[in-house]
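# Observations on the model geometry
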Amino acid sequence: MRHGPPECKQCLSLGRTWTRLLVCLTCGWVACSDDSRGGHAKAHYQETDHPVAAALGTNPTWRWCYVHRRTV
């Protein structure tokens, strides 16, 4: 069970901040977006083949498909 606000654990371990956070719609993993320095959400897709992530925060209806490289 998660407590506190969502965060990119990889960025935190490196002492970095992020621009936006995305959540994997397959497993719930939270990571920074491609426009953040780390790009950890894309790295998660490359490692797991989980194809769709959704934005956390102000526009929660935005979803990105890494397979088709477009919003869905």
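Above this text sits the structure in question.
Before going into details, it helps to say that this report is about the structure given with it. Note that this is a predicted model, so its numbers are computed, not measured.

Our next topic: the side chain of Ser-36. One can find Ser-36 in the loop between β2 (30-32) and α2 (40-48). Among the polar contacts listed, one links the side chain of Ser-36 to the backbone nitrogen of Arg-20, at a separation of 3.5 Å. If we ignore the near neighbours within four places in the chain, the residues touching Ser-36 are Trp-18, Thr-19 and Arg-20.

What follows concerns the environment of Tyr-45. With respect to the helices, strands and loops of the structure, Tyr-45 is situated in helix α2. Through-space distance from the C-alpha of Tyr-45 to that of Arg-16 is 20 Å; in sequence the pair is 29 residues apart. Once residues within four sequence positions are removed from consideration, Tyr-45 is found in contact with His-50, Pro-51, Tyr-66 and Val-67.

Let us look at the environment of Leu-12. With respect to the element layout, Leu-12 can be found in helix α1 (residues 9-14). Judged by relative accessible area, Leu-12 falls into the partly exposed class, the value being 43%. In this structure Leu-12 touches Glu-7 and Trp-18, once residues within four positions along its chain are discounted.

Moving on to the sheet that holds strand β5 (residues 70-71). Across the sheet, 5 strands lie side by side as β2-β1-β3-β4-β5; this open sheet has antiparallel pairing. Here the strands that pair on one side only, and so sit at the sheet edges, are β2 and β5. The pairing of strand β1 (residues 21-24) with strand β3 (residues 52-55) spans 3 bridges and is classified as antiparallel. Residue pairing in the sheet places Cys-24 in a bridge with Ala-53 of β3. Here α2 sits on the sheet in contact with β1 and β2, set at roughly 125° to β2.

Conventions adopted
- Residues numbered from 1 in each chain as written.
- Predicted model: local features only at pLDDT ≥ 70, side-chain atom pairs only at ≥ 80, totals over all residues.
- Heavy atoms only, no water.
- Helix = DSSP H or I, 4+ residues; strand = E, 2+ residues; numbered from the N terminus.
- Polar contact = N/O pair within 3.5 Å; in protein donor to acceptor, adjacent residues only side chain to side chain.
- Contact = heavy atoms within 4.5 Å.
- Buried < 20%, exposed > 50% of the residue type's maximum accessible area, 1.4 Å probe, protein only.
- Pairing = 2+ DSSP bridges.
- Axes fitted to C-alpha atoms, helices over the stretch in contact; angles between N-to-C directions.

So, to be careful, I would describe these as geometric facts and stop short of saying anything about function.
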